[in-house]
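# Structure at a glance
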Amino acid sequence: MADLDNKEQTEMDPADMEDVEEVEEEETGEDNSKARQLTMQMMQNPQILAALQERLDGLVGSPSGYMESLPKVVKRRVNALKNLQVKCAHIEAKFYEEVHELERKYAALYQPLFDKRSDIVKATYEPTDEECEWKQDEEEELTVSKQEEMKEKAKVEEEKKDEEKEDPKGIPEFWLTVFKNVDLLSEMLQEHDEPILKHLQDIKVKFSDAGQPMSFTLEFYFEPNDFFTQTVLTKTYKMRSEPDESDPFSFDGPEIMGCTGCTIDWSKGKNVTLKTIKKKQKHKGRGTVRTVTKTVPNDSFFNFFSPPEVPESGELDEDSEAVLAADFEIGHFIRERIVPRAVLYFTGEAIEDDDDDYDEEGEEADDEEGEEEADEENDPDYEPKV
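The structure reproduced in this document is the subject of the present report. Fair warning: this is a prediction, and the values are worked out from it, not measured in the lab.

## Let's talk about the overall build of the protein chain
For the protein chain, the count of helices and strands is 14 helices and six strands. For the protein chain, with 386 residues in total, the buried portion stands at 24%. Once local pairs closer than 6 in sequence are excluded, the contacts in the protein chain between residues at least 24 apart make up 58%. With the model as given, the accessible surface of the protein chain reaches about 28,600 Å², and the carbon-plus-sulfur share is 49%.

Written out as structure tokens, the structure reads:
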């Protein structure tokens, strides 16, 4: 920030500087003009600018002292407004509880469509020609020549398939492709996870029953495989829509209070969440060396089903808090975006929409562009703008 400010200072238009100098000299005289020049030199010092910026950052959000200056009778009325605000928070909590019930109701309406999606993916249902017809937007409509070219290409592909006598069933690797297309999920994937996720056939969201505490469960459906015995892996998130009595103004909708995974019954030698390492140990006295085999945790997407437990006290160390925060974000994203719009993440269209959202945020953060410039240049995937 300091370097950016300094850059802007030194690149000030000379004509503007002349205007400033003329006004200052007219108003303050020669002595003050020297003081002004000294100030300008100091402000061009990056260390001074950094110290000033740090001081300004410390003032952001600090109380202005206005409340303390109010008469006692006005403070009483402000307290009354705050009590009203607490009541608003409790009404808002009830609102979100009803939203959850509405979600549960509409989930039942969505589910038949999601079930049919699953049947197509795993090849238990073959869609009709009418169901497969997709009307393109006017911008996407192809010219006659292009259509002929595509038909010819399709014909060649069909002939090639007939020769090879291969007919892929359903949509192979549908969910694995979705995961690989989404940064939030692809970061969790390891190479040894991919053969397992090729067997993933569906993900469902189940909401808690009416009258029960708020929660939702992610259900991952697998076809029979050589890696574990179950066909369904689950992850349940418990939520709360209730203002905190000690800090009611912090309420901003339902929050996830904890989550519970499931125990995976791994087949022998197939547990990708563990790895075996060998270490050599030297005896201090005899000097002999022995090799010790040790099993340690291994990075894997399937660690998602073994989240840290939240103690009854609710107190966690920093590492566990960070893991849970990331876990909550992933669970919420799968529920809110991945399951409802899976085909668009498979094709990449939803990724483009997400990128557009980030572009808008980037336009609002122009002040930080200078700071990120160096990092972008060091990024091997960074492509400079033309």
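## Comments concerning the pattern of salt bridges
All told, the structure shown has ten salt bridges when counted by the stated rule. For Arg104, the salt bridge identified is with Glu101, shortest N-O distance 2.7 Å. Here Arg104 and its partner Glu101 are both found in helix 5 (residues 72–121), three residues apart, which amounts to about one turn of the helix. A salt bridge links Lys235 to Asp327; its shortest N-O distance comes to 2.7 Å. Taken together, the residues span a long stretch of sequence, with Lys235 in strand 3 (residues 232–240) and Asp327 in helix 11 (residues 318–338) at a distance of 92 residues. Where salt bridges share partners, they join Glu103, Arg335 and Glu336 into one cluster.

## What to know about the pairing of strand 5 (residues 274–282)
Pairing of strand 5 with strand 6 (residues 289–297) involves nine bridges; the strand directions are antiparallel. By the bridge assignment for strand 6, Gln281 is matched with Arg290. Joining the antiparallel neighbours strand 5 and strand 6 is a turn of six residues, in which Gly287 adopts a positive phi near 80°.

## A few points about the environment of Ile203
Along the chain, Ile203 falls in strand 1 (residues 200–207). Residues Ile203 and Leu218 lie 15 residues apart in sequence; the distance between their C-alpha atoms is 6.8 Å. Once residues lying within four places of it in the same chain are set aside, the contact partners of Ile203 are Arg117, Trp175, Phe179, Glu219, Phe220, Ile334 and Val339.

## Points about the side chain of Ser300
On the secondary structure map, Ser300 appears in the loop between strand 6 and helix 11. Those residues within four positions of Ser300 in sequence are excluded, and the remaining contacts are Met188, Gln190, His192, Asp193, Val272 and Thr273.

## Quick word on unusual backbone geometry
Of note, the phi angle at Ala123 is positive, near 70°, even though the residue is not glycine. Note on placement: Ala123 falls in the loop between helix 5 and helix 6 (129–132). One non-glycine residue, Glu173, adopts positive backbone phi at about 55°. Its location among the elements puts Glu173 in the loop between helix 7 (144–164) and helix 8 (174–181).

## Observations regarding a nonpolar patch on the surface
A surface patch of nonpolar side chains, about 430 Å² in accessible area, is lined by Leu102, Tyr106, Leu109 and Tyr110. Turning to its location among the elements, Tyr106 is positioned in helix 5. Classification of Tyr106 as partly exposed rests on a relative accessible area of 40%.

## Some words on the packing of aromatic side chains
The tally for this structure, following the rule as stated, stands at 21 aromatic pairs. Between Phe179 and Phe301 the ring centres are 5.3 Å apart and the planes differ by 75°, which places this aromatic pair in the edge-to-face class. Placement of Phe179 in helix 8 and of Phe301 in the loop between strand 6 and helix 11 is noted, with a sequence separation of 122 residues between them. Between Phe301 and Phe304 the ring centres are 5.8 Å apart and the planes differ by 15°, which places this aromatic pair in the stacked class. Per residue, the accessibility class of Phe301 equals that of Phe304, and both read buried. Among the aromatic side chains, those forming a connected cluster through ring pairs are Phe179, Phe220, Phe222, Phe228, Trp266, Phe301, Phe302, Phe304 and Phe305. Just above the ring of Tyr221 sits the side chain of Lys204; from NZ or CZ to the centre is 4.8 Å. Above the ring of Phe304, the side-chain terminus of Lys235 is found at 3.4 Å from the ring centroid.

## As for a negative patch on the surface
Negative charge collects at one region of the surface, where Glu242, Asp244, Glu245 and Asp247 lie side by side. Mapped onto the fold, Asp247 is located in the loop between strand 3 and strand 4 (255–260).

## So, the sheet that holds strand 2 (residues 215–222)
Reading across the sheet, the four strands line up as 1-2-3-4 and stay open at both edges, with antiparallel pairing between neighbours. Each edge of the sheet is formed by a strand with only one pairing partner; in this case those strands are strand 1 and strand 4. Strand-to-strand twist of the sheet, defined as the mean angle between neighbouring strand axes without regard to direction, takes the value 20°. Where strand 2 meets strand 3, seven bridges bridge the pair, whose relative direction is antiparallel. Bridged to Glu219 within strand 3 is Thr234. Against the sheet, helix 5 engages strand 1, strand 2 and strand 3, with an angle of about 165° to strand 1.

How each quantity is defined
- Residues numbered from 1 in each chain as written.
- Predicted model: local features only at pLDDT ≥ 70, side-chain atom pairs only at ≥ 80, totals over all residues.
- Heavy atoms only, no water.
- Helix = DSSP H or I, 4+ residues; strand = E, 2+ residues; numbered from the N terminus.
- Buried < 20%, exposed > 50% of the residue type's maximum accessible area, 1.4 Å probe, protein only.
- Contact = heavy atoms within 4.5 Å.
- Areas by Shrake-Rupley, 256 points an atom, 1.4 Å probe, with all protein chains shown as cover.
- Salt bridge = Lys/Arg side-chain N within 4 Å of Asp/Glu carboxyl O.
- Pairing = 2+ DSSP bridges.
- Patch = residues over 30% accessible without salt bridge, like charges linked within 9 Å, V, L, I, M, F, W, Y side chains within 5 Å.
- Phe/Tyr/Trp six-rings, centres within 6.5 Å; stacked < 30°, edge-to-face > 60°.
- Lys NZ or Arg CZ within 6 Å of the ring centre and 35° of its normal.
- Lys, Arg positive; Asp, Glu negative; His and termini not counted.
- Charge placed at Lys NZ, Arg CZ, Asp CG, Glu CD.
- Axes fitted to C-alpha atoms, helices over the stretch in contact; angles between N-to-C directions.

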